[in-house]
Amino acid sequence: MSNIKLGVSLYSFTNEYVKGKLSLEDCIKKAAEFGAEGFELVGTQMLSSYPYASDKAINEFKAMTSAYGIEFVAYGANTDRGMRSDRDLREEEMLQSAIIDLQTASKLGCKVMRAQYLLSPNSLGKLAPYAESYGVKVGVEIHNPETPTSPIMQQYSEVIEKTGSSFIGLIPDFGCFATKPNKPHWDDALANGAPVELLEMAAQLRYDEVPREEARERLLEAGANGAVLGALQGMYGFVTFYKQPDLEGLKKIMPYVVHFHGKFHHLNEQLEEASIPYQDIIPIIAASDFDGYIMAEYEAHNTGQALEMTKRLLQLERKLLTQ
Amino acid sequence: MAFVMKLDLVDVVCDNSLQHTYVRDQKVGYQFQIRLSNYRGHYLSCIKELKVTVDGEAVNQDDVTFCLNGKEFTMLQLPHLISEFWNLIEPATIKIYKPGGLASGSHHIDVTLLLRIPYLRTPGSKQEHDYATLNSSGSKTLTVM
């Protein structure tokens, strides 16, 4: 039996936070108001003592979580392989940084840490005993254009299985199950002068799995401008989509899933997400033995609609979970 | 091909931040504040280029320092600062040596600030250490406070 809890990643409020419209405390308060039991934050975005958890920061979080009745559940760590100006970090260096991140997550009271795919499968395996010691489960994010069973993700699954540790796992981002073009990107492309028939052509090429270069050439022949080509880049990259998303793959990896990112970009008043099939994803999780959080992660920051959209997403999730 | 991202979230040159700096009551230069216009903070080693132009005149790199986390760094130190983190909402202070200071009134400050995005490989690139660029440049006309 699954035990699904709903949370909000404060990353959803990026625009409002950076512009000073919402303080860290406001973000936490809003997440609680929308009914989140827990929240996640990205260390490089909102942790004042990054990459460490200072006593001051720990005490401030404690005061805020008890004031608003919400838990600090997950810590988003980054793998900045290119942080040095002279060379890429070596695997050992990234592993060692991830151990520091684990300590930080642990001190902040988090149960889960998100790692990025630049942390290699081998390093994830080596992280397992540290994760157990610090009491924090580490999951590698499965972010579009990766899918639960794409080759690199299979390597992570193999390492998790071989290690046999429940403290390392995967964090699917719902965006990897998108079935339609990303609405904010589509709207931006239209606003920047992309003809709608060429955008539709680009989407069809993607549905038909025409290779990227060929799609680009065919669009250029049809008279595509920069706005169309920009949209095409997204359609084959971080906001790609499929006729048949890898939901079978999701079922397969469910035993390794430690946490979810409920990616979303736009919900209408009928609570329909524009490109991500929540109605197909949530039942799969509900039917599994998953015990953890789905963290709402809004990613259409420049719309200024983060608060309303996040509120709607939690409504949608609750609706689907009670069905 | 360089792949450049620009997120215009905040003004890079901060309002009302231009001030003179003094040594023994004599104007020795001026300073102003800048913000990172991005969705996350970065280590200072990710700064690839930082150039300041004031009223159309490029400022000599020897005369510029970058102040953050209670410390003052030279331009040539920046590429080595792999453990000085620039928090997203923390303004940094740019200090410029200019004996006598600026004339009173308003001045146009132009900052070129380019960073390496340390997790985002240049799309399509197979080379090592080849990352996309974040353009956090900005300009503003400020009056000396």
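Keep in mind the model is a prediction, meaning the values are calculated, not measured. Within each chain, residues carry numbers counting from 1 in the order of the written sequence. Just so you know, chain letters begin at A and ligand numbers begin at 1, following the order they were written in. A pLDDT threshold of at least 70 governs which residues receive local features in this predicted model, and a stricter bar of 80 or more applies before side-chain atom pairs are shown or counted, although totals over entire chains, interfaces and linings include all residues. Computation of side-chain values covers all heavy atoms of the structure but excludes hydrogens and water.

**Remarks on the overall build of chain A**
Then, number 1: Helix and strand counts for chain A come out as 14 helices and eight strands.
Then, number 2: The globule rule used for comparison is 2.2 Å times the number of residues to the exponent 0.38, while the radius of gyration itself is calculated over C-alpha atoms. Expected size for 323 residues packed as a compact globule is a radius of gyration near 20 Å; at 20 Å, chain A falls within 12% of this value.
Then, number 3: Across its three principal directions, the C-alpha atoms of chain A cover 60 × 45 × 40 Å.
Then, number 4: Only protein chains enter the accessibility calculation, which uses a 1.4 Å probe; a residue whose area is less than 20% of its type maximum is buried, one above 50% is exposed, and one in between is partly exposed. Evaluated residue by residue, chain A yields a buried proportion of 58% over its 323 residues.
Then, number 5: For this analysis, residues touch if any pair of their heavy atoms sits within 4.5 Å. Look at the contacts in chain A between residues 6 or more apart in sequence, and 80% of them connect residues 24 or more apart.
Then, number 6: For the area figures, the Shrake-Rupley method with a 1.4 Å probe applies, and any residue is considered shielded solely by the protein chains shown. Working note: accessible area of chain A is about 13,700 Å², and carbon and sulfur atoms make up 49% of it. By definition, any uninterrupted DSSP run of H or I lasting at least four residues is a helix, any uninterrupted run of E lasting at least two residues is a strand, and each is numbered from the N terminus.

**Let's talk about the side chain of His261(A)**
Then, number 1: Its place among the elements puts His261(A) in strand β7 (residues 260–264).
Then, number 2: Taking relative accessible area as the criterion, His261(A) reaches 0% and is therefore assigned buried.

**What to know about the interface of chain B and chain A**
Then, number 1: Each partner contributes residues to the interface: chain B has 26 residues there, and chain A has 27 residues.
Then, number 2: Taken together, both faces of the contact between chain B and chain A bury some 2,200 Å²; the carbon and sulfur share is 54%.
Then, number 3: Here a salt bridge means any side-chain nitrogen of Lys or Arg lying within 4 Å of a carboxyl oxygen belonging to Asp or Glu. Taken together, chain B and chain A are joined by one salt bridge.
Then, number 4: We note a salt bridge from Asp80(A) to Arg40(B), for which the minimum N-O separation is 2.6 Å. Values labelled buried area give the accessible surface lost by two parts on being combined, using a 1.4 Å probe and summing over both.

**Structural notes on the nonpolar core**
Then, number 1: Buried Ala, Val, Leu, Ile, Met, Phe, Trp, Tyr and Cys residues form a nonpolar core when they are joined through side-chain atoms within 4.5 Å. Among the nonpolar cores identified, the biggest contains 152 residues, and Leu10(A), Phe61(A), Tyr75(A), Phe32(B), Ile34(B), Phe66(B) and Trp86(B) are the most heavily contacted of them.
Then, number 2: At seven residues, strand β11 (residues 106–121) of chain B tops the list of elements feeding residues into this core.
Then, number 3: When neighbours within four sequence positions are excluded, Leu10(A) is seen to be in contact with Leu24(A), Cys27(A), Ile28(A), Ala31(A), Phe39(A), Glu40(A), Leu41(A), Gln45(A) and Met46(A).
Then, number 4: Core analysis: the second largest hydrophobic core is formed by seven residues, Val73(A), Val112(A), Val258(A) and Met295(A) among them.

**Quick word on the sheet that holds strand β5 (residues 137–142) of chain A**
Residue and element names in this part refer to chain A.
Then, number 1: Taking strand neighbours across the sheet as the criterion, the eight strands line up as β6-β5-β4-β3-β2-β1-β8-β7 in an open arrangement whose pairing is parallel. Taken across any chain shown, the strands that pair with only one partner, and hence form the sheet edges, are β6 (168–172) and β7. Taken over all neighbouring pairs, the strand axes of this sheet differ in orientation by 30° on average, direction set aside.
Then, number 2: In short, DSSP must find at least two bridges between two strands for them to pair. Pairing geometry for β5 and β6, over five bridges, is parallel. By the bridge assignment, Gly139 is partnered in β6 with Gly169.
Then, number 3: Here an axis means a line fitted to C-alpha atoms, over the contact stretch when the element is a helix, while the angle between two N-to-C directions is reported on a 0 to 180 degree scale. Across the sheet, helix α13 (residues 278–286) touches β1 (3–9), β7 and β8 (291–298), and the angle it forms with β7 is around 170°.

**Thoughts on the packing of aromatic side chains**
For any two aromatic rings, the description comes down to two numbers: the centre-to-centre distance and the angle of the planes.
Then, number 1: Aromatic pairs are defined between Phe, Tyr and Trp rings, using the six-membered ring for Trp, whenever the two ring centres lie within 6.5 Å; interplanar angles under 30 degrees are classed as stacked, those over 60 as edge-to-face, and all others as tilted. All told, the structure shown has 13 aromatic pairs over all chains when counted by the stated rule.
Then, number 2: Between Tyr50(A) and Tyr43(B), the ring centres sit 6.2 Å apart and the planes meet at 50°, which makes this aromatic pair tilted. In this pair, Tyr50(A) is assigned in the loop between α3 (43–46) and α4 (55–68) and Tyr43(B) in strand β4 (residues 42–43), connecting two distinct chains.
Then, number 3: A relative accessible area of 9% means that Tyr43(B) is categorised as buried.
Then, number 4: Seen in terms of ring centroids, Phe174(A) and Phe260(A) are 5.7 Å apart; in terms of plane orientation they differ by 80°. Their pairing is edge-to-face. In this pair, Phe174(A) is assigned in the loop between β6 and α8 (183–191) and Phe260(A) in strand β7, connecting sequence segments 86 residues apart. Each member of the pair, Phe174(A) as well as Phe260(A), carries the same accessibility label: buried.

**Quick notes on helix α5 (residues 91–107) of chain A**
Residue and element names in this part refer to chain A.
Then, number 1: A helix is expected to span 1.5 Å multiplied by its residue count minus one. An ideal rise of 1.5 Å per residue puts 24 Å on 17 residues; α5 measures up with 25 Å between its terminal C-alpha atoms.
Then, number 2: Restricting attention to buried positions, one finds in α5 the residues Met94, Leu95, Ala98, Ile99, Asp101, Leu102, Thr104 and Ala105.
Then, number 3: For α5, the elements touching its buried residues are β3 (71–76), β4 (112–115), α6 (121–134) and β5.
Then, number 4: Just downstream of α5, Gly109 is the residue with a positive phi angle, here 85°.

**Comments concerning the environment of Leu102(A)**
Residues and elements named next belong to chain A.
Then, number 1: Within the secondary structure, Leu102 is located in helix α5.
Then, number 2: Note: C-alpha distance between Leu102 and Ala77 (25 residues apart in sequence) is 8.6 Å.
Then, number 3: Non-local contacts of Leu102, meaning those with residues more than four positions away in its chain, are made with Met113, Leu127, Tyr130, Ala131, Tyr134, Val136 and Val138.

**With respect to the confidence of the model for chain B**
Then, number 1: Confidence of the predictor at the level of single residues is captured by pLDDT, which takes values from 0 to 100. Summarising the model, chain B shows a mean pLDDT of 96, and 99% of its residues fall at 70 or more.
Then, number 2: For this predicted complex, the interface score ipTM comes out at 0.95, alongside a pTM of 0.95.

**Brief notes about the side chain of Thr147(A)**
All names here are of chain A.
Then, number 1: Among the secondary structure elements, Thr147 is positioned in the loop between β5 and α7 (151–163).
Then, number 2: Here a polar contact means two N or O atoms within 3.5 Å. Within protein one must be a hydrogen donor candidate and the other an acceptor candidate, and residues neighboring in sequence count only if both atoms are side-chain atoms. Within the structure, Thr147 has its side chain in polar contact with the side chain of Asp246 (distance 3.3 Å).
Then, number 3: In contact with Thr147, not counting residues within four places along its chain, are Ile142, Met153, Tyr242 and Asp246.

**Looking at helix α2 (residues 24–33) of chain A**
Residues and elements named next belong to chain A.
Then, number 1: For α2, the full list of buried residues reads Leu24, Cys27, Ile28, Ala31 and Ala32. Burial along α2 is one-sided: seen end-on, the buried residues are contained in an arc of 135°.
Then, number 2: Those residues of α2 that are buried lie in contact with β1, α1 (14–18), β2 (38–42), α3 and α4.
Then, number 3: Downstream of α2 by one or two residues, Gly35 has phi in the positive range, about 100°. This arc is taken over the directions from the axis of the helix to the C-beta atoms.

**Digging into the sheet that holds strand β8 (residues 71–74) of chain B**
Strand pairing in a sheet takes place through backbone hydrogen bonds and is either antiparallel or parallel in direction.
Residue and element names in this part refer to chain B.
Then, number 1: As summarised here, the arrangement of the five strands in space is β2-β3-β10-β7-β8, forming an open sheet in which the pairing is antiparallel. At either margin of the open sheet sits one strand with a lone partner, and together these are β2 (19–23) and β8. Direction aside, the axes of adjacent strands within the sheet are offset by 30° on average.

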